[in-house]
Amino acid sequence: MAKLAFLGLGVMGYPMAGHLVSAGHQVSVWNRTATKAQAWAKDHAGRAAQSPEDAVEDCDVVLMCLGDDPDVRAIAEPVLDAMKPGAVLVDHTTASAELARQLAERAEEAGLGFVDAPVSGGQAGAENGQLSIMCGGREADFDKVRPVMDAYAKAITLAGPAGSGQLVKMVNQICIAGVVQGLSEGLHFAKQAGLEPETVINAISKGAAQSWQMENRWQTMVEGEFDFGFAVNWMRKDLRIALEEARRNGSRLPVAALVDQFYGEVQAMGGERWDTSSLIARLENADRAKD
């Protein structure tokens, strides 16, 4: 059993912190909205802390799951000052690789460890303890925190030094963007051609076109149901981070950049909180506009 702190109880963090308690760890939590931390503590027999600094006191591992670079920086800087020597800070936020490197350097100067560990698998993966975690950091720090992360992960990979986890997550989101757009176009084409979508999926889903998105989202896409899953606002944040990194390293991401624009159109349709599979709604909305 380890003494842990978890900072940030959003749709991902809330169940992730719960899995840590189920694994037998002693967990203190903090959330910007205090009532949510109190509700979590009641649900999971943990402790709701008054501040991030209070939450991390005497903890072996501190885990964060926040929103974007400014949120991470605002919480991580005072937390690093409050952590006990030898403890490790794990950031599950999808943020920039540059920030991860800066925090790793700051942690090392303070005698602490740091692992950037963005996750993939969405809300369902967090609730079911089936997340894929992409990590960057020193191997010794990774070895300390891997048994903790096992509570909510199906796969954990150390990709390289600090920042590498964030870079791998960028690759993940670049790939997803293209897959979702391709699936949206395929389903839209099938409907326009008068084909039965279920018949099409049965025909192609066991071949080279198969994907997680096809298996889990084709039916809700056809039915126009998008009120679940990973929100468009967050996907655009992730693609922004990837496109900024691409400008730094000289990568060319024409499809990712185009799909990012398409998500901007979905936002303009009122789909800021829709699932990322809502790209198909943009195509169908264009058809209705022609009519």
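Residues numbered from 1 in each chain as written. Predicted model: local features only at pLDDT ≥ 70, side-chain atom pairs only at ≥ 80, totals over all residues. Heavy atoms only, no water.

Undergrad: Looking at this structure, I do not really get the packing of aromatic side chains. What am I missing?
TA: Evaluation of the coordinates by the stated rule reveals one aromatic pair. On the basis of an interplanar angle of 35° and a centroid distance of 5.6 Å, the ring pair of Phe226 and Trp274 is categorised as tilted. One end of the pair, Phe226, is in the loop between helix 10 (212–223) and helix 11 (232–249); the other, Trp274, is in the loop between helix 12 (254–268) and helix 13 (279–290), with 48 residues separating them in the sequence. Note on Phe226: relative accessible area 8%, which makes it buried. The class of Trp274 is partly exposed, set by a relative accessible area of 25%. Its end group placed over the ring of Phe262, Arg282 keeps NZ or CZ at 3.6 Å from the ring centre. (Phe/Tyr/Trp six-rings, centres within 6.5 Å; stacked < 30°, edge-to-face > 60°. Helix = DSSP H or I, 4+ residues; strand = E, 2+ residues; numbered from the N terminus. Buried < 20%, exposed > 50% of the residue type's maximum accessible area, 1.4 Å probe, protein only. Lys NZ or Arg CZ within 6 Å of the ring centre and 35° of its normal.)

Undergrad: Is there a simple way to think about the side chain of His25 in this case?
TA: Position of His25 relative to the elements: it lies in the loop between helix 1 (13–22) and strand 2 (26–30). Here Ala2 takes part through its backbone nitrogen, which lies 3.1 Å from a polar atom of the side chain of His25. What His25 contacts, discounting residues up to four positions off in sequence, is Met1, Ala2, Leu4, Leu20 and Val148. (Polar contact = N/O pair within 3.5 Å; in protein donor to acceptor, adjacent residues only side chain to side chain. Contact = heavy atoms within 4.5 Å.)

Undergrad: Can you walk me through helix 8 (residues 164–192) in this structure?
TA: Side chains three or four residues apart in an α-helix point the same way, a direct result of the helix having 3.6 residues per turn. For helix 8, which comprises 29 residues, the first-to-last C-alpha distance of 42 Å matches the rise-based estimate of 42 Å (1.5 Å per residue) to within 8%. Downstream of helix 8 by one or two residues, Gly194 has phi in the positive range, about 80°. (Expected span 1.5 Å × (residues − 1).)

Undergrad: Explanation requested: the pairing of strand 5 (residues 88–91) in the structure shown.
TA: Along any regular strand the residues' side chains alternate between the sheet's two faces. Both faces of strand 5 are covered, namely the face carrying Val88 and Val90 and the face carrying Leu89 and Asp91. Pairing geometry for strand 4 (residues 61–64) and strand 5, over four bridges, is parallel. In the sheet register, Met64 faces strand 5, and the bridge partner there is Asp91. Read as a crossover between parallel neighbours, the route from strand 4 over helix 4 (residues 69–82) to strand 5 is right-handed. Note that strand 5 and strand 6 (residues 113–116) share four bridges and pair parallel. (Pairing = 2+ DSSP bridges. Right-handed = clockwise from strand over helix to strand, strands pointing away.)

Undergrad: Whenever I open this one, unusual backbone geometry confuses me. Can you help?
TA: Negative phi characterises most residues that are not glycine, and trans characterises most peptide bonds. Here Ala45, not a glycine, exhibits a phi torsion of approximately 55°, which is positive. Along the chain, the position of Ala45 falls in the loop between helix 2 (34–44) and strand 3 (47–48). Looking at Ala45, the relative accessible area reads 74%, which means it is exposed. Even without glycine at this site, Asp58 takes up a positive phi of about 65°. As for its position among the elements, Asp58 is in the loop between helix 3 (52–56) and strand 4.

Undergrad: Help me out: how do you make sense of the packing of helix 4 against helix 5 (residues 97–109) in this one?
TA: Helix-helix packing is characterised by the crossing angle of the two axes and by the distance between the axes. At a minimum axis separation of 11 Å, helix 4 and helix 5 run at an interaxial angle of 5°. Between helix 4 and helix 5, the angle falls in the class roughly parallel. From helix 4, Asp69, Val72, Arg73, Ala76, Glu77, Leu80 and Asp81 reach across to helix 5, where they touch Leu99, Gln102, Leu103, Arg106 and Ala107. A class-by-class count of the residues in the contact of helix 4 with helix 5 yields six nonpolar, one polar and five charged. (Axes fitted to C-alpha atoms, helices over the stretch in contact; angles between N-to-C directions. Parallel < 35°, antiparallel > 145°, perpendicular 65-115°, else oblique. Nonpolar A, V, L, I, M, F, W, Y, C, P; charged D, E, K, R; others polar.)

Undergrad: Can you help me understand the environment of Thr33 in this one?
TA: Along the chain, the position of Thr33 falls in the loop between strand 2 and helix 2. Between the C-alpha atoms of Thr33 and Leu9, which are 24 residues apart in sequence, the distance is 8.9 Å.

Purely spatial values, then, with no claim about function.
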